[in-house]
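# Descriptive analysis of the structure
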Amino acid sequence: MDEKEKTQHAANACRERYMRQAIDLSIENVRKGGGPFGAVIVRDGRVIATGTNRVVPGCDPTAHAEVTAIRNAARVLGTFDLSGCEIYTSCEPCPMCLGAIYWARLDRMYYANDKKDAAEIGFDDSFIYDEFALAPSARSLPSERMLPDEAIRAFELWRDQEDKTPY
């Protein structure tokens, strides 16, 4: 094995260790009454934060493992920008979590189970993906735009603010 192969082998071993940690978190979370999902955020070879699905125990529909891990990592690092970090998650993220991963600017994502595996045990997000493709008026969630002429003022203030932090 040459030096490049040794380096690649070591990197793969580290990634597998982080993924196993996410999987172990998911298994332990089921035992504690939570959902079967775990996530680990890593930066520079160091675990920054973890998260598990706490939807039912926490009465929070947004408390998915990835979102929880992102919140914890942002708190630890003191920033909303998680560039330079990778996320290891026990399952391919749902639409909400995938959006959060993009918003957090994580560099890379690794996952174990996929959305088909999740659907087979009752976590089927296909209807959400289907809804995204529809015009708001055609979605199953009734929605109506209201007071855009008033609401635009906040956007104008933001646009014109010189000392804002873009995100």
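Let us look at the structure shown here. Note that this is a predicted model, so its numbers are computed, not measured.

## Considering the nonpolar core
Judged by nonpolar contacts, the single largest core of 21 residues is most densely connected at Ile-41, Ile-70, Ala-73, Leu-82, Ile-87 and Leu-106. Every element with two or more residues in this core is listed here: strand 1 (38-43), strand 2 (46-52), helix 3 (65-77), strand 3 (85-91) and helix 4 (95-104). Counting residues per element, this core draws most heavily on helix 3, at 5 residues. Once residues lying within four places of it in the same chain are set aside, the contact partners of Leu-106 are Ile-41, Ile-70, Leu-82, Cys-85, Glu-86, Ile-87 and Ile-101. By size, the runner-up hydrophobic cluster in this structure holds 7 residues, among which are Met-19, Val-40, Val-42 and Tyr-88.

## With respect to the sheet that holds strand 4 (residues 108-113)
What the 4 strands build is an open sheet, ordered 2-1-3-4; its pairing is mixed. One side of each edge strand has no neighbouring strand; the edge strands of this open sheet are strand 2 and strand 4. Each strand axis lies, on average, 15 degrees off the axis of its neighbour in the sheet, ignoring direction. Judged from the 5 bridges that link them, strand 1 and strand 3 form a sheet pairing that is antiparallel. Each bridged residue has a counterpart across the sheet, and for Arg-43 the counterpart in strand 3 is Cys-85. Set on the sheet, helix 1 (residues 3-31) makes contact with strand 1, strand 2, strand 3 and strand 4; between it and strand 1 the angle comes to about 150 degrees.

About the criteria used
Throughout this description, residue numbers start from 1 for each chain and increase along the sequence as written. Predicted model: local features are reported for residues with pLDDT of at least 70 only, side-chain atom pairs are reported and counted for 80 or more only, and whole-chain, interface and lining totals are derived from all residues. The basis for the side-chain values is all heavy atoms of the structure; hydrogens and waters are excluded. Throughout this description, the term nonpolar core refers to a set of buried Ala, Val, Leu, Ile, Met, Phe, Trp, Tyr and Cys residues connected via side-chain atoms within 4.5 Å. Working definition: with a 1.4 Å probe on protein chains only, accessible area under 20% of the residue-type maximum means buried, over 50% means exposed, and in between means partly exposed. Secondary structure follows DSSP: runs of H or I at least 4 residues long count as helices, runs of E at least 2 residues long count as strands, and numbering of each begins at the N terminus. We call two residues in contact when some of their heavy atoms are within 4.5 Å. Paired strands are those between which DSSP finds at least two bridges. Here the axes come from fitting lines to C-alpha atoms, over the contacting stretch only for helices, and the angles between their N-to-C directions go from 0 to 180 degrees.

Geometry only, nothing functional implied.
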